[in-house]
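These are the residues of each chain, in order.
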Amino acid sequence: MQIYNTLTRKKEPFVPVTPGKVGMYACGITTYDLCHIGHGRSAVVFDVLARYLRSLGLEVTFVRNFTDVDDKIINRAIKEGAEGKAIAERCADISRTYIAAFHEDMDLLGVQRADIEPKATEHIEEMIALCQTLIGQGHAYATPSGDVYFKVRSFEPYGKLSGRSLDEMQAGARVAPGEEKQDPMDFALWKGAKPGEPSWPSPWGQGRPGWHIECSAMTEKHLSLPLDIHGGGQDLVFPHHENELAQTEAATQKGFARYWVHNGFVQINAEKMSKSLGNFTTLRDIYKTHLPEVLRFFLLARHYRSPIDFTPEAMEDAEKNCKRMYETLQALQAELAKPEPKGGTAPKELEEEAASLMRQWDEAMADDLNTAAALGYMNSMGHLINRVLDDKGLRKNAGARHVLAHMAQAFAKASVVLGLFSQQPTAFLQALRSIKAARLNLDIAKVETLMQERLEARTSKDFARSDAIRDALAELGVAVRDTPEGALWDIA
Ligand SMILES: [Zn+2]
């Protein structure tokens, strides 16, 4: 497999440090709010990467943390009215709530749990030890008020991940009121705590960790260095990952991670998503009007490094694609359940086209996890399956049946890697119909009653009445299809 490495700014062949094994770490959420679509994208990308590496036979250990001590959590606790000693307790409640919400939302999105999901608050000891090591080496210093800062200029390669020069970083660096930094570029490893805030005893007094130090402590504890893959959203490259790298490499004198993998941003209707613009779209909001699997399809239908624009049109498109795919799978399953035809060999072109699509799928995934292209080949596989199903001659051909069975297998394998199209087609299609009905405020009971009345009209050969009912259904946005198994309805 080739993978783009942010550190070297090029695609490189993926070679694990220990043959057959992969250690992978992705930065998780800060537990103070519901997950938005940007969190969803990052989770889906690293979920597919782990699934794909496993499908290659590699033994993957995937670690994703929860940042459960942070200014944002403390601010929320205070905003919710917590004071003094109650702040720390309220922070713990807030973290518990949003970790549970994360699991609920990501489970729906088909994101598998990471093998290890460490919390920052459970690694305070390791973080303090790391701070002490860095102080001992002259890479960090404690201030009189009990903060510990990393001395950026002591780590000569600082900036190598984000490709920023010292001048550039210097220009953006500030010393906030009350900070006792020796240099504006230095960043906090440990902060003296204000009364009531969550805090732990340390050699520098009661305090709490800065954000970056937790990932350095947790990677070292749960994986061996260098990591094979360190990942996260593109917004984490600077300063978070740059700082993690500096801490770990300075303290351990080992390389931190071999491959740095970052996914692109999510935009909402061509605008940057931000709290100030008020266009933060939570996963839960999206699930009210769209199936989570459709969202997952939308997220994987672009290359993970490209920016992605969340628009109603793009979601409609994703929904249509998923529906078509499941309809094809439904027809394919029905065909494969029939007795096998006897005799006949598959046309050579059919065999070749099927084999070529499967090969191209493999190649796309091996080329920097190109799920967009891979989904395109699955779409072509769907067309090919339908072509066989629509051809009476081929349906009686034992060789063509064999090709169909083979494609069904390949499709299932690809589906597991992408975490898509693994439901029973009827279950998906019914869920889709329900959510579309909800979007239209459609009364399903009323539709069922009209369908029943139409059936009665047809049985008594009252076609004028049956047609009138069909028109009434069309008014509601419902399309009726008569099949050998009876009349079916769907949202037009
Ligand atoms: Zn991190």
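Student: For the environment of Ala 479, give the residues involved together with the corresponding values.
Tutor: Along the chain, Ala 479 turns up in strand E14 (residues 478-483). For Ala 479, a relative accessible area of 34% translates into the label partly exposed. Separated by 474 residues in the primary sequence, Ala 479 and Asn 5 place their C-alpha atoms 49 Å from one another. For Ala 479, the residues in contact, after removing those within four places along its chain, are Leu 488, Trp 489, Asp 490 and Ala 492.

Student: How would you summarise the pattern of salt bridges if you had to cite specific residues and measurements?
Tutor: If you walk through the whole model with that rule in mind, you get 36 salt bridges. For Glu 117, the salt bridge goes to Arg 64, with nearest N and O atoms at 3.9 Å. Taken together, the residues Glu 117 in the loop between helix H3 (86-108) and helix H4 (124-136) and Arg 64 in strand E4 (residues 59-64) connect sequence positions 53 residues apart. The class of Arg 64 is buried, set by a relative accessible area of 6%. Note that Lys 119 and Glu 122 form a salt bridge whose closest N and O atoms lie 3.6 Å from each other. The exposure class assigned to Glu 122 is exposed, which follows from its relative accessible area of 51%.

Student: Please give an account of the sheet that holds strand E5 (residues 140-142) that cites residues and values.
Tutor: Pairing is antiparallel in the open sheet, where four strands are placed in the order E5-E6-E7-E8. Strands with a single pairing partner mark the edges of an open sheet, and in this sheet they are E5 and strand E8 (207-209). The sheet shows a mean angle of 20 degrees between the axes of neighbouring strands, taken without regard to direction. Both strand E6 (residues 148-150) and strand E7 (residues 187-192) contribute to a ladder of three bridges, which runs antiparallel. Looking across to E7, one finds that Phe 150 is bridged to Phe 187. Across the sheet, H4 touches E5, E6, E7 and E8, and the angle it forms with E7 is around 120 degrees.

Student: Which residues make up the packing of helix H12 (residues 371-389) against helix H14 (residues 398-418), and what values go with them?
Tutor: Contact geometry for H12 and H14: axes closest at 11 Å, N-to-C directions at 155 degrees. Considered as vectors, H12 and H14 are oriented roughly antiparallel to each other. Taken as a pair, H12 and H14 cross one another with a handedness that is left-handed. Only Ala 400, Leu 404, Met 407, Phe 411, Ala 414, Ser 415 and Leu 418 of H14 make contact with H12, whose side of the interface consists of Thr 371, Leu 375, Met 378, Met 381, Leu 384, Ile 385, Val 388 and Leu 389.

Student: Got a sec to walk through the packing of helix H16 (residues 444-459) against helix H17 (residues 463-475)? Specific residues and values, please.
Tutor: Closest axis-to-axis distance for the H16/H17 pair is 8 Å, and the angle between their directions is 160 degrees. Here H16 is positioned roughly antiparallel relative to H17, judged by the angle of their axes. Judged by the twist between their axes, the crossing of H16 over H17 is left-handed. Packed against H16, whose contacting residues are Val 447, Leu 450, Met 451, Glu 453, Arg 454, Ala 457 and Arg 458, the element H17 presents Phe 463, Arg 465, Ser 466, Ile 469, Arg 470 and Leu 473 at the interface. The residue makeup of the contact of H16 with H17, split by class, is seven nonpolar, one polar and five charged.

About the criteria used
- Residues numbered from 1 in each chain as written.
- Predicted model: local features only at pLDDT ≥ 70, side-chain atom pairs only at ≥ 80, totals over all residues.
- Heavy atoms only, no water.
- Helix = DSSP H or I, 4+ residues; strand = E, 2+ residues; numbered from the N terminus.
- Buried < 20%, exposed > 50% of the residue type's maximum accessible area, 1.4 Å probe, protein only.
- Contact = heavy atoms within 4.5 Å.
- Salt bridge = Lys/Arg side-chain N within 4 Å of Asp/Glu carboxyl O.
- Pairing = 2+ DSSP bridges.
- Axes fitted to C-alpha atoms, helices over the stretch in contact; angles between N-to-C directions.
- Parallel < 35°, antiparallel > 145°, perpendicular 65-115°, else oblique.
- Left-handed = near helix turned anticlockwise from the far one by under 90°.
- Nonpolar A, V, L, I, M, F, W, Y, C, P; charged D, E, K, R; others polar.

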